[in-house]
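These are the residues of each chain, in order.
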Amino acid sequence: MPRARKGFTLVEVLFTTALITVIAGIALPMGADVLDELRTGAAARYLAARIAYSRMDAVNRSRSVALRFESSTPDYQFSSYVDGNGNGVRTAEIRSGVDPPVGVARQLWHDFNGVHFGLGSDVPDADGARSANTDGVRIGTARILTMSQDGTATSGTLYLQGRRAQYAVRVLGATGRTRVLKFEPGSRTWVSR
């Protein structure tokens, strides 16, 4: 009667190890790209929701509410402020305390690892224009995005960049609504998400 074999041969172990290595080598880079896409998209949706919340807050308070974007290390930080004297949210009045903060300052990289404000140097802006400007915060020189009590807002675009993914959050001034756009490198166009 033949004896039962226990274990694996060296060839079987080597073959299995090689197969696992090849599969992992293919799957890990694709997984990293998918994770980057998910993080960057989630950051864009978070920012759009934060803007929408500020818009509702302005209507409820019957006062302007603004998101102020300040250069910081390693990226912009943003904070909410409420108009304290009825003339809009202004930098000087933020500094003097007339327009008080609402909540704490945030930075995207705290919640969305690898995501920052920026526009890739080879990516056209959402209007299709090419520029050397890679700054991701494009809402005016004061970098204050104001939502008014009548539902309108400062118009502008916030660009979010992951390791490979590129998103934009557009704010439409007349309605105060936001649109999330994703840059598709294959067609070199921005599409609504």
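Analysis parameters
Residues numbered from 1 in each chain as written. Predicted model: local features only at pLDDT ≥ 70, side-chain atom pairs only at ≥ 80, totals over all residues. Heavy atoms only, no water. pLDDT = per-residue confidence, 0-100. Helix = DSSP H or I, 4+ residues; strand = E, 2+ residues; numbered from the N terminus. Pairing = 2+ DSSP bridges. Axes fitted to C-alpha atoms, helices over the stretch in contact; angles between N-to-C directions. Buried < 20%, exposed > 50% of the residue type's maximum accessible area, 1.4 Å probe, protein only. Contact = heavy atoms within 4.5 Å. Patch = residues over 30% accessible without salt bridge, like charges linked within 9 Å, V, L, I, M, F, W, Y side chains within 5 Å. Areas by Shrake-Rupley, 256 points an atom, 1.4 Å probe, with all protein chains shown as cover. Salt bridge = Lys/Arg side-chain N within 4 Å of Asp/Glu carboxyl O. Phe/Tyr/Trp six-rings, centres within 6.5 Å; stacked < 30°, edge-to-face > 60°.

Caption draft 1: Local environment of the confidence of the model for the protein chain. Summing up the model confidence of the protein chain, the mean pLDDT is 90 and the portion of residues at 70 or higher is 94%. Here helix 1 (residues 10-61) stands out as the element of the protein chain with the lowest mean pLDDT, 84, in contrast to strand 1 (residues 65-70), whose mean of 97 is the highest.

Caption draft 2: Representation of the pairing of strand 9 (residues 177-184) within the structure. Sheet topology note: the strand 8 (residues 166-172)/strand 9 ladder contains six bridges and is antiparallel. Bridging from a neighbouring strand, V169 pairs with V180 of strand 9. Taken together, strand 8 and the strand that follows it, strand 9, pair antiparallel across an intervening segment of four residues, in which G176 is found at a positive phi of about 75°. Across four bridges, strand 9 lies against strand 10 (residues 189-192) in antiparallel orientation. Within strand 10, the position partnered with L181 by the bridge is S192.

Caption draft 3: The sheet that holds strand 1, seen in detail. The strand order 3-2-1-6 describes an open sheet built from four strands, whose pairing is antiparallel. Only two strands of the sheet have a single neighbouring strand rather than two, namely strand 3 (101-106) and strand 6 (144-147). Within the sheet, the average angular offset between the axes of one strand and its neighbour, ignoring direction, is 15°. One ladder, built from three bridges, connects strand 2 (residues 77-82) with strand 3; its direction is antiparallel. Pairing of F78 across the sheet is with R106, part of strand 3.

Caption draft 4: Just the side chain of T157, in detail. Here T157 shows up in strand 7 (residues 156-161). Residue T157 is classed as buried on the basis of its relative accessible area, which comes to 6%. For T157, the residues in contact, after removing those within four places along its chain, are G136, V137, R138, I139, A168, V169 and R170.

Caption draft 5: Geometry of a nonpolar patch on the surface. Nonpolar side chains collect at one region of the surface, where F15, L19 and I23 lie side by side and expose about 330 Å² of accessible area between them. By the secondary structure assignment, F15 is in helix 1.

Caption draft 6: Examining the packing of aromatic side chains more closely. Tallying each qualifying case throughout the model produces seven aromatic pairs. With 5.6 Å between their ring centres and 85° between their planes, F69 and F117 make a pair best called edge-to-face. One end of the pair, F69, is in strand 1; the other, F117, is in strand 4 (residues 116-117), and 48 residues separate them in sequence. With relative accessibility at 3%, the residue F69 sits in the buried group. Judged by centre distance (6.2 Å) and plane angle (90°), the ring pair of F78 and F117 falls under edge-to-face. Highlighted residues: F78 in strand 2 and F117 in strand 4, separated in sequence by 39 residues.

Caption draft 7: Layout of the pairing of strand 2. Burial analysis of strand 2 places five of its six residues in the buried class, which makes it a mostly covered element. Counting the residues that bridge the hairpin from strand 1 to strand 2 gives six residues.

Caption draft 8: Structural context of the environment of G136. Its location among the elements puts G136 in the loop between strand 4 and strand 5 (137-138). By relative accessible area, G136 is classed as buried at 0%. Along the chain, G136 and I20 lie 116 residues apart, while their C-alpha atoms are 41 Å from each other. Those residues within four positions of G136 in sequence are excluded, and the remaining contacts are F117, G118, L119, T157, L158 and Y159.

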